[in-house]
Amino acid sequence: MSFGKVATFIAGIIFIILLYVIIYYALKIMYKDVKTGGKRKNNNSGIRYGIEVIQTGVNSTLEQGSVVPIRGITTLGRKPDNTIVLTEPFVSGNHAKIYTKNNNLYVEDLNSTNGVYVNGEKIEEKFKLIADDEVKIGSAIFKVLKSGK
């Protein structure tokens, strides 16, 4: 057998292996589509949340009436890596987070020293929020806004 025939044989084997790999992945994708009915998971339900600054307190970083949309996780605290930085001494470095889960809005106290209050009541750990709830962190007060379905 000459070198040319061996090289052609090896190239043919590599081509066949590559072809089988492509077919395998194409079938895998088609199986997923058949299994789910061709529907893709849609996390956009039309519901949008935000928080409005009702009272800035002694925080120089907030502006009364401004609205912060809640997309993913919104963190609040004194540290500069938070989404909303609060500048007062009664707020912990990582004080709280607000996030959506299954089309619901939650606020969670991150073991802060002075706590998180919803409608005047101190919460423990996470708390499900509804439209018009007021969230107090330090001297700042935020109002929950909801739009959509």
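Here the structure is a predicted model, which is why all the values come from computation and not from measurement.

1. Focus on the nonpolar core
Item 1. Counting residues in hydrophobic clusters, the biggest one holds 22 residues, and the most contacted among them are Leu86, Val107, Val135, Ile137 and Phe142.
Item 2. Of all the elements in the fold, those that place two or more residues in this core are strand S1 (48-55), strand S5 (96-101), strand S6 (104-109), strand S10 (134-137) and strand S11 (140-147).
Item 3. Those residues in contact with valine 135 that sit more than four places away from it in its chain are Val107, Val116, Tyr117, Val118, Leu129, Ala140, Ile141, Phe142 and Val144.

2. What to know about the packing of aromatic side chains
Item 1. For the structure shown, the criterion picks out 2 aromatic pairs.
Item 2. Geometrically, the ring pair formed by tyrosine 24 and tyrosine 25 is edge-to-face, given 5.1 Å between the ring centres and 75° between the ring planes.
Item 3. Exposure remark for tyrosine 25: the relative accessible area of 46% places this residue in the partly exposed category.
Item 4. Ring geometry for tyrosine 99 against tyrosine 106: centres 5.7 Å apart, planes inclined by 20°, an arrangement best described as stacked.

3. Overview of the sheet that holds S5
Item 1. Ordered by their spatial adjacency, 5 strands build an open sheet running S4-S3-S5-S6-S9, and the pairing between neighbours is mixed. Of all strands in the sheet, those bounded by a partner on one side alone are strand S4 (84-85) and strand S9 (126-129).
Item 2. Note: S5 against S6, 6 bridges, orientation antiparallel. Along S6, the bridge assignment pairs alanine 96 with aspartate 109.

4. A few points about unusual backbone geometry
Item 1. Even without glycine at this site, asparagine 111 takes up a positive phi of about 55°.
Item 2. The residue asparagine 111 is located in the loop between S6 and strand S7 (117-118) in this model.
Item 3. Asparagine 111 gets classed as exposed once you look at its relative accessible area, which sits at 76%.
Item 4. Phi at asparagine 119 takes a positive value of approximately 50°, unusual for a residue other than glycine.
Item 5. Of note, asparagine 119 is situated in the loop between S7 and strand S8 (121-122).
Item 6. Owing to a relative accessible area of 44%, asparagine 119 belongs among the partly exposed residues under this scheme.

Cut-off values and rules
- Residues numbered from 1 in each chain as written.
- Predicted model: local features only at pLDDT ≥ 70, side-chain atom pairs only at ≥ 80, totals over all residues.
- Heavy atoms only, no water.
- Core = buried A, V, L, I, M, F, W, Y, C linked by side-chain atoms within 4.5 Å.
- Buried < 20%, exposed > 50% of the residue type's maximum accessible area, 1.4 Å probe, protein only.
- Helix = DSSP H or I, 4+ residues; strand = E, 2+ residues; numbered from the N terminus.
- Contact = heavy atoms within 4.5 Å.
- Phe/Tyr/Trp six-rings, centres within 6.5 Å; stacked < 30°, edge-to-face > 60°.
- Pairing = 2+ DSSP bridges.

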